[in-house]
Amino acid sequence: MTLTQVSSWQSFGGTLSVHDHESALQNCTMRFAVYTPPQADPEKVPVLWYLSGLTCSWANVMEKSGLQRAASQHGIMIIAPDTSPRGEDVADDDAYDLGQGAGFYLTATQEPWAKHYKMDQYIADELPKVIAEHFPAADMSRQGIFGHSMGGHGAITLHLKHPDMYKSCSAFSPITSPCQVPWGQKAFTAYLGDASVAWEQYDATELVKERQTKATILVDTGTADTFLERELKPEIFTEACRKHGQRLDYNMRDGYGHDYYFIASYMDEHIAHHARALEA
Ligand SMILES: N[C@@H](CCC(=O)N[C@@H](CS)C(=O)NCC(=O)O)C(=O)O
């Protein structure tokens, strides 16, 4: 598969590079960023996937979170995919929480979304093959996953579904029960149709009732997050984890919001969490 490098910068002794490729799965060009740490030459290094939230691309986390410092220190490769398929031919919506920039890490079954929106398969299947082919330093036997908000939810659901692939998991301010909150209900109705078991397979709270992993999922959420009570509702997920035996380290951080100032404040701790689990 051909990969086109869009840009590249040196950072903390490693390299941040941005790439385009043709996604056969999503029927469009997809863009992603990779931070390659200095240890990658000549070692193999663990791979950590970061899934972003609504309205984001690869750029938000790479430009605002400062993750390069800890990734360089621990020797971890970090990959930031886009949050949806994009392009003039790709279905979209005027709202910020549907369509381009809001793929919700699922496979849409409804029109006009079904042709392009397959973000869960893209993240867990197609893009790892691209990484394995073009980034030989990536140790695909040591992968972890984390993310923010919609992407925090994507990270938790993909970890629960593929625990042997993503051995570690964490999230900032995640949605955790989309079937029960407006962001999730709106997206699932559009992408999956009326409420059904199809919704439950993409809901972290429903999934954790059926399957638990050996990992401890780390979560940090701000008490001043403006989406806390309407969209995040941590108590639904924490109760399901407690009841069904999923190890969870859920921290409420006093005074923090839903933004990258918060994420940057706890990024080092999250990368250290993954470094321990992935033996970086
Ligand atoms: N007002 C926000 C609503 C959506 C939002 O808060 N998005 C979060 C993820 S759910 C985000 O990371 N926004 C981009 C940023 O802060 O860089 C926006 O339009 O960006």
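Residues numbered from 1 in each chain as written. Predicted model: local features only at pLDDT ≥ 70, side-chain atom pairs only at ≥ 80, totals over all residues.

**Points about the overall build of the protein**
Step number 1: Along its length, the protein carries 10 helices and 9 strands.
Step number 2: In terms of principal-axis extent, the alpha carbons of the protein reach across some 50 × 40 × 30 Å.
Step number 3: Sorting the 280 residues of the protein into buried and exposed places 52% on the buried side.
Step number 4: Taking contacts inside the protein between residues at least 6 apart in sequence as the whole, the part at least 24 apart equals 73%. (Helix = DSSP H or I, 4+ residues; strand = E, 2+ residues; numbered from the N terminus. Buried ≥ 20, exposed ≤ 12 C-beta atoms within 10 Å, placed from the backbone. Contact = placed C-beta atoms within 7 Å.)

**Overview of the UniProt feature "active site" (unreviewed entry) in the protein**
Step number 1: The UniProt entry lists S149, D225 and H258 under the feature "active site" (unreviewed entry), expressed in the numbering used here. The named residues occupy 110 residues along the chain; their greatest pairwise C-alpha distance, 10.8 Å, places them in one compact cluster.
Step number 2: One can find S149 in the loop between β6 (138-148) and α4 (150-161).
Step number 3: Those residues in contact with S149 that sit more than four places away from it in its chain are G53, L54, S173, P174, I175 and H258.
Step number 4: Relative to the helices and strands, H258 resides in the loop between β9 (248-253) and α10 (260-277).
Step number 5: Take H258: there are 21 C-beta atoms within 10 Å of it, and that puts it in the buried class. (UniProt positions renumbered as here; feature names shortened; annotations may be inferred.)

**Quick word on the site of the ligand**
Step number 1: Of all residues adjacent to the ligand, which total 13 residues, the nearest are G53, L54, T55, N60 and S149.
Step number 2: In terms of residue class, the shell around the ligand is built from 5 nonpolar, 6 polar and 2 charged. (Near = placed C-beta within 6 Å. Nonpolar A, V, L, I, M, F, W, Y, C, P; charged D, E, K, R; others polar.)

**With respect to unusual backbone geometry**
Step number 1: Between D41 and P42 the backbone carries a cis peptide bond, its omega angle lying at 20°.
Step number 2: Relative to the elements of secondary structure, P42 occurs in the loop between β3 (28-36) and β4 (45-51).
Step number 3: The omega angle of the peptide bond from E111 to P112 is 5°, so this bond is cis rather than trans.
Step number 4: Structurally, P112 is set in the loop between β5 (77-81) and α3 (119-134).
Step number 5: Positive phi, close to 50°, is recorded for F12, a residue that is not glycine.
Step number 6: With respect to the helices and strands, F12 occurs in the loop between β1 (3-11) and β2 (14-23).

**Here's the deal with the pairing of β5**
Regular strands have side chains that alternate between both faces of the sheet.
Step number 1: Taken across its 5 residues, β5 has 5 buried, putting it largely inside the fold.
Step number 2: Every second residue of β5 is oriented toward a common face, with M77, I79 and P81 on one face and I78 and A80 on the other, all of them buried.
Step number 3: Here β3 runs beside β5; their pairing, made up of 4 bridges, is antiparallel. Each bridged residue has a counterpart across the sheet, and for F32 the counterpart in β5 is P81.
Step number 4: The sheet contact formed by β4 and β5 spans 3 bridges and is parallel. Residue W49 lies in a different strand from β5, and its bridge partner there is I79. (Pairing = 2+ DSSP bridges.)

**A look at the sheet that holds β6**
Step number 1: Strand order in the open sheet formed by 9 strands is β1-β2-β3-β5-β4-β6-β7-β8-β9, with mixed pairing between adjacent strands. Looking at which strands have only one partner, the edges of the open sheet turn out to be β1 and β9. Along the sheet, successive strands turn relative to each other by an average axial angle of 20°, direction set aside.
Step number 2: Of the pairings in the sheet, the one linking strand β7 (residues 166-172) to strand β8 (residues 217-222) comprises 3 bridges and is parallel in character. (Axes fitted to C-alpha atoms, helices over the stretch in contact; angles between N-to-C directions.)

**What about the nonpolar core?**
Step number 1: Counting 83 residues, the largest nonpolar core has I76, M77, I78, I79, A80 and Y191 as the members making the most contacts within it.
Step number 2: Considering each element in turn, this core owes the most residues, 7 residues, to α10.
Step number 3: Those residues in contact with I79, other than ones at most four positions away along the chain, are F32, V34, V47, W49 and I131. (Core = buried A, V, L, I, M, F, W, Y, C linked by C-beta atoms within 7 Å.)

**A closer look at the confidence of the model for the protein**
Step number 1: With 100% of its residues at a pLDDT of 70 or more, the protein has an overall mean of 98.
Step number 2: Scoring of the predicted complex yields 0.98 for pTM and 0.92 for ipTM. (pLDDT = per-residue confidence, 0-100.)

**Quick word on helix α9 (residues 234-244)**
Step number 1: If you check which residues of α9 are buried, you get P234, F237, A240 and C241. The buried residues of α9 occupy an angular sector of 140° when projected down its axis, which confines them to one face. When the buried face of α9 is taken as reference, the exposed residues oriented beyond 90 degrees from it are E235, E239, R242 and K243.
Step number 2: Among the residues trailing α9, G245 stands out with phi positive, at a value near 80°. (Arc of directions from axis to C-beta.)

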